[in-house]
Amino acid sequence: MTTSRFSVRRVTEQEFVPWARMIADTYGMDRSEEELADQRAATDLARTLAVFDGGEPVAGASVYSRTLTVPGGALPVAGIASVGVAPTHRRRGILTSMMRAQLTDLHEQRREPVAALRPSEAGIYGRYGYGPATLGNRMRCDRRAMRFRPDTDFGEGTVRLRHPAQARPVLEEIYDRVRTATVGWPDRQAPHWAVRLADYPHRRGTATSLRAAVHQERDGRATGYALYRYGSAPDGPGGTAGVVEVVELAACSRQSYAALWRFLAGIDLMTWIDYEGAVDEPLPHLLVEPRAVQAAPVDRLWLRPADVDRALAGRGYSLPLDLVLDVRDDFCPWNSGRHRLQAEAGKAVCAPTTAPADLRLSAAELGAVFLGGTSLTALGAAGLVEELRRGALSLASAAFRGEREPWYPGGWAFPLY
């Protein structure tokens, strides 16, 4: 494939290192030899594109095949990552060419029905049919004000400190138990875990190395963990305060969740706890003073259907549904048109139809509501979804919604978590 005088093709083994360094440079980052080795282990070169100018890589993007928990089950997704265009070659249609090549391949080869990414800039990917499907909640907790309600159930388990690498088998087991029950969590294969637990010194800034706190029940079963570091933050004129930087927290029960937060809130000499959790994070409800937790939502995982029919048939719905969607998809024209979605008793089918449409929307709006977070009624209020049959919008919105807000626990761009 070519775009103007630039060629778009797969990356070879010999080209990987200069390609990866070029991608890192587009984000203003360096790559150590250890990072390059970890990234190579996680990268499928057969699904990694580069744009070359005279033999020099000037842009690229990768697909990481993952399994994502969705309402009602799990679905293969194409994780789009390591996307970058060198500053010398921007505004020449190169990014558009790579996005089109990826999505066309998903469609023509009948690969993953959904593509997902975590953008570095939110304004880029809407024009390629992606919509914001999950929000993260950036939380700053005042440890000094974190008093737990007297009726909080902490269970009878204990928290023990472990070295993250040594605790990895336990962390993997807990993560898999949690992710299969949490919409928005992807699976993690061995290379993804290697990157998640990697502790590159030059990436820590002034923070310490990674720590792991593991929650165990009285019978020895591990039911939760927190990965964290110690850091510092500005605090008053010319001063600094200690910060517990929570990288990830996974809990299999409400008791282990509460116990892990009690442990974090009990760490001495720290003023703040920083954590990015779910929009409906339970922590504030456990505290006597909920205002000890200040939070700001931020978009995280963006999705788009690569194949509307297979994508919509691959998730569950909270209500029986018989709905015709008129989908507009200028970037992937094979999705444009009317699709009849029928869902009942945990099963769904979706297929092209000539029946009259009930709702009209774009592929980006389908991506935004796909995990059950953003509501169709909210998008309708913004004028992004048009109701063509009275009552269809509220019914569809309720059917698409999940029990809890979807949440994505890590970064999709490399490092791939």
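Since the structure is predicted, the reported quantities are computational estimates derived from the model, not experimental observations.

1. Focus on the packing of aromatic side chains
Centre-to-centre distance and the angle between the planes together describe a pair of aromatic rings.
Working step 1: Enumeration according to the criterion identifies 13 aromatic pairs in this entry.
Working step 2: Aromatic side chains Trp 185 and Trp 407 sit 5.4 Å apart centroid to centroid with 65° between the ring planes, which places their arrangement in the edge-to-face category. Of this pair, Trp 185 sits in the loop between α4 (168-179) and α5 (190-196) while Trp 407 sits in the segment after α11 (392-400), and the two are 222 residues apart along the sequence. Take Trp 185 and Trp 407: they sit in the same class, and that class is buried.
Working step 3: Look at Tyr 228 and Tyr 230: their rings are 5.7 Å apart centre to centre, the planes differ by 65°, and that puts the pair in the edge-to-face class.
Working step 4: According to the relative accessible area criterion, Tyr 228 is buried, its value standing at 0%.
Working step 5: The partly exposed category is assigned to Tyr 230, whose relative accessible area is 22%.
Working step 6: Taken together, Tyr 175, Trp 185, Trp 193, Trp 261, Tyr 275 and Trp 407 form an aromatic cluster joined through their ring pairs.
Working step 7: Above the face of the Phe 52 ring, Arg 9 is positioned so that its terminal group lies 3.9 Å from the ring centre.

2. Regarding the nonpolar core
Working step 1: Counting 43 residues, the largest nonpolar core has Met 146, Tyr 225, Leu 249, Trp 261, Leu 264 and Leu 283 as its most contacted members.
Working step 2: Mapped onto this core, the elements with two or more residues apiece are β8 (135-142), α4, β10 (211-216), β11 (222-234), β12 (240-251), α6 (254-265), β13 (272-277) and α7 (283-286).
Working step 3: The element best represented in this core is α6, accounting for six residues.
Working step 4: Residues within four places of Tyr 225 in sequence aside, it is in contact with Leu 171, Ile 174, Tyr 175, Arg 188, Trp 193, Ala 213, Val 214, Glu 248, Leu 249, Ala 250 and Leu 260.
Working step 5: Among the nonpolar cores identified, the runner-up in size contains 38 residues, and Ala 133, Leu 312, Leu 325 and Phe 370 belong to it.

3. Overview of the side chain of Arg 188
Working step 1: Among the secondary structure elements, Arg 188 is positioned in the loop between α4 and α5.
Working step 2: On the basis of relative accessibility, which here comes to 8%, the residue Arg 188 falls in the buried class.
Working step 3: Polar side-chain contacts of Arg 188 include one of 2.5 Å to the side chain of Glu 248.

4. Side note on α4
Working step 1: The first and last C-alpha atoms of α4 sit 16 Å apart over twelve residues, in line with the 16 Å expected at 1.5 Å per residue.
Working step 2: Of the residues making up α4, those classed as buried are Leu 171, Ile 174, Tyr 175, Val 178 and Arg 179. One side of α4 holds all its buried residues, which, seen down the axis, span an arc of 125°.
Working step 3: Buried residues along α4 sit in contact with β4 (56-70), α5, β10, β11 and β12.

5. Quick look at the sheet that holds β8
Working step 1: With mixed pairing, the seven strands of this open sheet are ordered in space as β9-β10-β11-β12-β13-β8-β14. What marks the edges here is a single partner per strand, and that holds for β9 (158-162) and β14 (293-299). Strand-to-strand, the axes of this sheet are offset by a mean angle of 25°, without reference to chain direction.
Working step 2: Where β10 lies against β11, six bridges are found, and the strand directions are antiparallel. Of the residues in β11, the one forming a bridge with Ala 213 is Ala 226.
Working step 3: Sheet strands in contact with α4 are β9, β10, β11 and β12, and its direction is about 100° off that of β11.
Working step 4: Against the sheet, α6 touches β9, β10, β11, β12 and β13, its axis set at about 165° to β12.

6. Observations regarding the sheet that holds strand β17 (residues 337-344)
Working step 1: Pairing is mixed in the open sheet, where five strands are placed in the order β18-β17-β16-β19-β20. What marks the edges here is a single partner per strand, and that holds for β18 (347-352) and β20 (386-387).
Working step 2: Inspection of the sheet shows β17 paired to β18 by six bridges, in the antiparallel sense. Bridge pairing in β18 links Arg 340 to Ala 351.
Working step 3: Here α11 sits on the sheet in contact with β16 (321-328), β17, β19 (359-362) and β20, set at roughly 100° to β16.

Cut-off values and rules
Residues numbered from 1 in each chain as written. Predicted model: local features only at pLDDT ≥ 70, side-chain atom pairs only at ≥ 80, totals over all residues. Heavy atoms only, no water. Phe/Tyr/Trp six-rings, centres within 6.5 Å; stacked < 30°, edge-to-face > 60°. Helix = DSSP H or I, 4+ residues; strand = E, 2+ residues; numbered from the N terminus. Buried < 20%, exposed > 50% of the residue type's maximum accessible area, 1.4 Å probe, protein only. Lys NZ or Arg CZ within 6 Å of the ring centre and 35° of its normal. Core = buried A, V, L, I, M, F, W, Y, C linked by side-chain atoms within 4.5 Å. Contact = heavy atoms within 4.5 Å. Polar contact = N/O pair within 3.5 Å; in protein donor to acceptor, adjacent residues only side chain to side chain. Expected span 1.5 Å × (residues − 1). Arc of directions from axis to C-beta. Pairing = 2+ DSSP bridges. Axes fitted to C-alpha atoms, helices over the stretch in contact; angles between N-to-C directions.

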